[in-house]
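Structure at a glance
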Amino acid sequence: MSGTLAGADAWQALLDREAIRDCLYRYCRGIDRCDEAALRSAYWPDATDCHGAWKGSATGFIDQALTKLRKGGRRVHQISNILIELAGDTAAVESSFLALQSTAAQPGHETFLCGRYVDRFERRQGEWRVADRTVVYDWIEERARPELARGDAQLFGVRQPTAAMAPADPVYALLAALHAPARR
C-alpha cells in the first residue's frame, strides 16, 4: 500500500489538515467581520498575497482591505472543496470560494465572485498559516441591487440579529461567553 500513511503519521496528517482548514475559516471570519486579529492570524507576518489588484505583502493587503471594509458595505465569503497536499512543514492548498460583496461607496451594487485561493501554507513552531496566496478568479457577476442600500431594519425586517463588524457581531458574544470563567 504505497502512498498511504499509518499510525502516528496518519493522525498527524489529520491534525495538520484540520489546522489548515481552521486557518482558512479564520480568514473568512476576519475578512467578513473586519476582525483584524483573526485576519492577521491566518497569515505569517512575512507572507505575500496576490489578491486581484493587490500584489505584495499580506500585511499590506490586510491594511488596505480593512481601511476599505471598515467604511461599510456587506460581504460574505464561503470556502469549499479544500484540497490539501502535505509535504513536511509545507502544504499546497487549493480552496474554492464564493464571495458576495457590496461597498460603502456603492451600497446598491453587488459583486458575486467565485474563484480559488491557491495557497502555500507553512508550519512554523507547530502552527499552520498562509505563507503565500494567489487568488484565482473563475467567475464574476455584477448587478444593481438598490435594496442593499437600505438599513438593516428595513432590509431584513424581523430577521434579526444581522451581521456586524467585530466585536458587535453576535458570534463575539458567544465566544466571550464560552471563554468566561464558570460561575459558581
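Now for a look at the structure at hand. (Residues numbered from 1 in each chain as written. Predicted model: local features only at pLDDT ≥ 70, side-chain atom pairs only at ≥ 80, totals over all residues. Heavy atoms only, no water.)

**A few points about the nonpolar core**
Counting residues in each nonpolar core, the largest one holds 32 residues, and the members touching the most others are I20, Y27, Y43, V93 and F121. Within the residue set of this core, elements represented by two or more residues are helix 1 (7–33), strand 1 (43–51), helix 3 (58–69), strand 3 (73–87), strand 4 (90–103), strand 5 (109–124) and strand 6 (127–144). Once residues within four sequence positions are removed from consideration, I20 is found in contact with I84, L86, A91, V93, F121 and W128. (Core = buried A, V, L, I, M, F, W, Y, C linked by side-chain atoms within 4.5 Å. Buried < 20%, exposed > 50% of the residue type's maximum accessible area, 1.4 Å probe, protein only. Helix = DSSP H or I, 4+ residues; strand = E, 2+ residues; numbered from the N terminus. Contact = heavy atoms within 4.5 Å.)

**Describing the sheet that holds strand 6**
The mixed open sheet is built from six strands, whose spatial order is 2-1-6-5-4-3. In the strand order of this sheet, the two ends are held by strand 2 (54–57) and strand 3, each with one partner. The average undirected angle you get between the axes of adjacent strands in this sheet is 20°. Taken strand by strand, helix 1 contacts strand 1, strand 3, strand 4, strand 5 and strand 6, and its axis lies near 160° from that of strand 3. Its contacts with the sheet put helix 3 on strand 1, strand 2 and strand 3, and the angle it makes with strand 1 is roughly 70°. (Pairing = 2+ DSSP bridges. Axes fitted to C-alpha atoms, helices over the stretch in contact; angles between N-to-C directions.)

**Some remarks on the environment of Q160**
Relative to the elements of secondary structure, Q160 occurs in the loop between helix 4 (152–156) and helix 5 (170–179). For Q160, a relative accessible area of 43% gives the class partly exposed. With residues up to four places along the chain from it excluded, the contact list for Q160 reads D152 and A153. A distance of 3.0 Å separates a polar side-chain atom of Q160 from the backbone oxygen of G157. (Polar contact = N/O pair within 3.5 Å; in protein donor to acceptor, adjacent residues only side chain to side chain.)

**Here we look at the layout of surface pockets**
Volume-wise, the largest pocket comes out at about 730 Å³. If you trace the largest pocket, you find 32 residues lining it, with K68, L69, Q101, T103 and L113 closest to the centre. Among the secondary structure elements, those contributing two or more residues to the lining of the largest pocket are helix 1, helix 3, strand 3, strand 4, strand 5 and strand 6. Residues belonging to the lining of the largest pocket are distributed by class as follows: 16 nonpolar, 11 polar and five charged. Of the pockets and cavities examined, the second largest pocket occupies roughly 430 Å³. Counting residues per element, the ones that place at least two in the lining of the second largest pocket are helix 1, strand 3, strand 4 and helix 4. Looking at which element gives the most residues to the lining of the second largest pocket, the answer is strand 3, with four residues. Residue composition of the lining of the second largest pocket, by class: seven nonpolar, five polar and seven charged. (1 Å grid on protein atoms, 1.4 Å probe; cavity = no way out; pocket = protein on both sides within 12 Å on 5 of 7 lines; lining within 4 Å. Points joined across faces, edges and corners; volume = space filled by probe spheres on them. Nonpolar A, V, L, I, M, F, W, Y, C, P; charged D, E, K, R; others polar.)

**Topic: unusual backbone geometry**
Q160 connects to P161 through a cis peptide bond whose omega is 0°. Among the structural elements, P161 can be located in the loop between helix 4 and helix 5. Residue P167 is reached from A166 by a cis peptide bond, and omega for that bond is 0°. Looking at the element boundaries, P167 is found in the loop between helix 4 and helix 5.

By themselves, these observations are geometric and do not establish any function.
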